[in-house]
Amino acid sequence: MFERFWAFRMGLEFDTAVFCWIAFLPTLIFSISHFLNHKIKKLYVFGFYSFLILELIYFFVAIANIPYFSQFGNHLNKNALLWSENPGFVVSMIFGSFSYWGYLLLYFVIAFMFVKISRQLFNTFKIKMATEQKMNLIFVAIIFIVFSAIVTLGARGRASDRSGLHEGLSIVSQNNFVNQVAINPNFTFWKTVFYTKNNQAYVVPKNINEQMAFTRNYLGVKAPFEQNINRLITDSLNKKYNFVIVVMESMSVFKMGYYNGKKLTPNFDNLIKESVFFDNFFSSGIHTFNGLFSTTTGFPSILAEKSMKSYVKKSFNGIGPLLNEKGYDTYFYTTHDPHFDNMEGFFKINKFKHFISQYDFDFSEAESSLGVPDHLLFDKLIEVTNARKTNEPFLSVLMTASDHGPWCVPQNIQFNPNGANQQDNCTLYADWAIGRFMEQAKKLPWYNNTIFMFLGDHGLSMGHTYEMPLSYNHVPFVIHQPNLFKPDTISYPSYQPDIPATVMGIIGGTYTNTTFGINILKEKHPFVVFSADDKIGCIDSSGFYYYKTLNNNQSYLRKYKNLDSKNYITQYKSKSDSLEKNMMMIYESANYLIRKDYFLFE
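Not measured: the values here are computed from a predicted model.

Visitor: What should I look at first to understand the pairing of strand S15 (residues 554-559) in this one?
Guide: Remember that side chains alternate between the two faces of the sheet whenever the strand is regular. Examined bridge by bridge, strand S14 (residues 544-549) and S15 share six bridges and lie antiparallel to one another. Following the sheet pairing, Phe544 is matched in S15 by Lys559. Between S14 and S15, which pair antiparallel in sequence order, lie four residues; one of them, Asn553, sits at a positive phi of approximately 55°.

Here it is, written out as structure tokens:
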């Protein structure tokens with residue numbers, strides 16, 4: 001109870017600070033008008049409407065924060081603007097879900113009432129000003145100084161001369177939700193929009209050679225030191241298996257019942273029983289562009305950078321170029337706009353020869369701005385593959401979309417989900433589509449020579465377990481081909497950048513691995529790194545989860561297997577120091593190589 005009280009107490013400081021930011025301009029304008037003895041009436045009008053507009057913006061951010069927090073487990077921040085170049089697509093995706101309309105309606109009701117009451121008060125104020133006698137100039141100056149001091153101090157948030165208001169002050173509990181209650185979303189949003197400390201030009205770290213040496217050792221590079229991670233992989237095998245890699249939208253292990261989550265994946269669970277299942281696998285980030293980038297290139301994501309737009313100076317030596325050199329026919333499938341997140345451009349430069357998008361489907365079958373539902377995407381894969389006229393092996397990467405808002409379950413199918421809500425129904429439907437696809441695939445002539453891989457592009461914030469929710473990065477990875485692999489569960493840490501090296505390990509032959517991944521069917525990582533916009537973390541093989549929240553420079557060490565809420569950062573200081581150092585070595589090495597070889601623009 002005390003923690004909650006203190007959270008609301010801190011919340012008052014954040015709310016006061018934001019209100020004082022809003023009040024600063026109107027206070028200045030009204031004070032000037034008083035100094036001029038009300039001679040310029042339009043100053044009052046300007047001051048009033050500036051306050052009114054700022055307050056309406058305040059209400060909009062506060063209400064938009066409700067669904068944003070529910071989705072991401074964070075308050076609204078500048079990462080909400082990541083897709084500003086596709087506003088129409090994003091708006092249709094958001095408001096295609098009926099549940100979001102309620103928030104918009106709430107905003108309009110609040111805005112209407114606020115404008116009405118404010119105008120009534122302003123009209124009363126104008127009448128009073130018309131009859132007010134001239135005020136003493138000294139008295140006006142004193143009032144101005146007092147109000148200016150109050151607004152300035154309030155905007156700073158604190159009287160301390162050492163530190164102003166910052167997100168770290170909201171940490172009053174080991175319960176992340178209690179800590180989040182204190183923060184005003186307008187504070188986080190506008191601070192991250194205008195605060196440019198982390199947008200400085202990239203500078204090569206002074207210890208880059210140390211970082212690269214560590215990363216080379218992490219990846220098992222035996223050759224004499226160079227500023228790269230290249231290693232020659234040789235194998236006597238030279239197979240020509242086909243690959244179907246299904247990147248599943250928002251597929252967290254929480255949806256499979258892990259960490260006491262709901263069990264929403266009966267078909268996927270059955271597939272796992274006849275497959276190799278990696279149950280300690282992690283996505284590089286928390287957005288689809290993070291997952292697609294890392295899965296196909298073998299590089300970790302760099303926080304919230306839009307990799308598929310920015311890293312296009314040249315192709316990565318990832319899964320596309322590697323299999324092209326082996327004579328593969330390469331395909332990428334998506335259900336929606338091919339230019340969203342620069343998908344088509346990115347995959348073209350990375351040697352995907354064929355791109356299937358919304359323009360290859362019947363528009364009448366689209367359920368939302370995300371295009372056709374998943375089962376039709378799988379049908380298109382089967383159709384295209386069956387129609388191939390070449391004997392070349394193929395790689396097909398599919399990005400599903402149905403398990404994402406707006407939550408739409410197709411009506412004309414032989415499946416009726418019975419979830420607790422529409423979002424659960426979409427997960428159940430997406431799972432049914434996978435089961436249906438695999439049932440069809442097993443009857444096809446190319447099934448026995450095809451290796452199927454399933455992984456989440458990212459997870460979903462479910463329960464806000466930690467400040468950096470595990471449910472957002474802990475995703476499943478499955479390799480299915482019973483003729484080659486016996487059912488097995490592999491529990492050592494692995495991550496999306498391992499996909500290209502694992503694919504190459506399966507087909508064998510000789511190639512140069514320039515990725516941050518290994519063949520996880522034969523090798524092991526001591527730890528893996530991943531990020532979540534403004535957070536970076538790592539999981540090690542002994543069950544520790546270390547992460548940092550960069551917005552307030554806080555660090556945490558958890559025993560994550562049972563979602564232990566205790567922060568062991570002090571108790572196991574040597575462990576946390578070691579994990580932080582190792583994590584940043586890998587992260588900085590990846591950042592350096594991307595900046596040096598692939599980065600084109602923000």
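Visitor: Hey, could you run me through empty space enclosed by the protein in this one?
Guide: The probe, sized like a water molecule, is rolled over the atoms to show the empty space still left. For the structure shown, the criterion picks out five cavities of 30 Å³ or more. A volume near 110 Å³ is recorded for the second largest cavity. Forming the walls of the second largest cavity are Met248, Glu249, Met251, Thr265, Phe268, Asp374, Thr400, Asp403, Thr427, Ala430, Asp431 and Ile434. Considering every element that reaches the lining of the second largest cavity, the biggest residue donor is helix H15 (residues 422-441), with four residues. Looking at the lining of the second largest cavity residue by residue, the classes come out as five nonpolar, three polar and four charged.

Visitor: Mind showing me how you'd approach the state of the cysteines here?
Guide: In protein structure, a disulfide is the covalent linkage between the sulfur atoms of two cysteines. This model, assessed by the stated rule, comprises zero disulfides. Here Cys408 stays unpaired: no disulfide links it, and the sulfur of Cys426, its closest cysteine neighbor, is 6.5 Å away.

Visitor: What exactly am I supposed to notice about the sheet that holds strand S13 (residues 535-540) here?
Guide: Paired through their backbone hydrogen bonds, the strands of a sheet run either parallel or antiparallel. With respect to topology, four strands assemble into an open sheet ordered S12-S13-S14-S15, the strand pairing being antiparallel. The open sheet is flanked by strand S12 (527-531) and S15, the only strands paired with a single partner. Across the sheet, the axes of successive neighbouring strands diverge by a mean angle of 15°, strand direction being ignored.

Visitor: How should the nonpolar core be read in this particular structure?
Guide: Nonpolar side chains in soluble globular proteins tend to end up buried together. Ranked by internal contacts, the top residues of the largest apolar core, which has 129 residues, are Phe243, Ile245, Phe437, Met453 and Phe454. Apart from residues no more than four positions distant in its own chain, Phe454 is found in contact with Val246, Met248, Phe268, Leu271, Ile434, Phe437, Met438, Pro476, Phe477 and Val478. If you look at the next biggest cluster of nonpolar residues, it comprises 16 residues, including Ile22, Phe48, Tyr58 and Ile63.

Visitor: What am I meant to see in the environment of Asn267 here?
Guide: Locating Asn267 in the fold gives a position in helix H9 (residues 266-272). Separated by 163 residues in the primary sequence, Asn267 and Ala430 have C-alpha atoms spaced 9.6 Å apart. Side-chain polar atoms of Asn267 contact the side chain of Asp431, separated by 2.9 Å.

Visitor: I'm lost on the packing of helix H14 (residues 374-386) against H15 in this one. Help?
Guide: Helix-helix packing is described using two parameters, namely the angle between the two axes and the distance between the axes. Two elements in contact, H14 and H15, have axes whose closest approach is 8 Å; the angle formed by their N-to-C orientations is 20°. Compared by their axis directions, H14 and H15 come out roughly parallel. The way H14 lies across H15 gives a crossing that is right-handed. Where H14 abuts H15, its residues Asp374, His375, Phe378, Asp379, Leu381 and Ile382 lie against Tyr429, Ala430, Trp432, Ala433, Ile434, Arg436, Phe437 and Gln440. Partitioning the contact of H14 with H15 into residue classes produces nine nonpolar, two polar and three charged.

Visitor: Looking at this model, I keep getting lost on the pairing of strand S6 (residues 394-399). Mind explaining?
Guide: The element S6 is extensively covered by neighbouring structure, given that six of its six residues are classed as buried. Here S6 shows two buried faces, one formed by Phe394, Ser396 and Leu398 and the other by Leu395, Val397 and Met399. Alignment of strand S4 (residues 329-333) against S6, held across five bridges, turns out to be parallel. Note on S6: the bridge partner recorded for Tyr333 is Leu398.

Visitor: What's the story with the pattern of salt bridges in this structure? I'm lost.
Guide: It is possible for side chains of opposite charge to pair when their charged atoms get near one another. On inspection of all chains with the given rule, the structure shows 15 salt bridges. With its nearest N and O atoms 2.7 Å apart, the salt bridge here joins Lys255 to Asp403. With Lys255 in the loop between strand S2 (242-248) and H9 and Asp403 in the loop between S6 and H15, this pair connects stretches of sequence that are 148 residues apart. Owing to a relative accessible area of 2%, Lys255 belongs among the buried residues under this scheme. The closest approach of N and O atoms between Glu344 and Lys348, which form a salt bridge, is 3.3 Å. Of the two residues, Glu344 and Lys348 are both situated in helix H13 (residues 343-349); the distance of four residues between them amounts to about one turn of the helix.

Conventions used here
- Residues numbered from 1 in each chain as written.
- Predicted model: local features only at pLDDT ≥ 70, side-chain atom pairs only at ≥ 80, totals over all residues.
- Heavy atoms only, no water.
- Pairing = 2+ DSSP bridges.
- Helix = DSSP H or I, 4+ residues; strand = E, 2+ residues; numbered from the N terminus.
- 1 Å grid on protein atoms, 1.4 Å probe; cavity = no way out; pocket = protein on both sides within 12 Å on 5 of 7 lines; lining within 4 Å.
- Points joined across faces, edges and corners; volume = space filled by probe spheres on them.
- Nonpolar A, V, L, I, M, F, W, Y, C, P; charged D, E, K, R; others polar.
- Disulfide = S-S within 2.5 Å.
- Axes fitted to C-alpha atoms, helices over the stretch in contact; angles between N-to-C directions.
- Core = buried A, V, L, I, M, F, W, Y, C linked by side-chain atoms within 4.5 Å.
- Buried < 20%, exposed > 50% of the residue type's maximum accessible area, 1.4 Å probe, protein only.
- Contact = heavy atoms within 4.5 Å.
- Polar contact = N/O pair within 3.5 Å; in protein donor to acceptor, adjacent residues only side chain to side chain.
- Parallel < 35°, antiparallel > 145°, perpendicular 65-115°, else oblique.
- Left-handed = near helix turned anticlockwise from the far one by under 90°.
- Salt bridge = Lys/Arg side-chain N within 4 Å of Asp/Glu carboxyl O.

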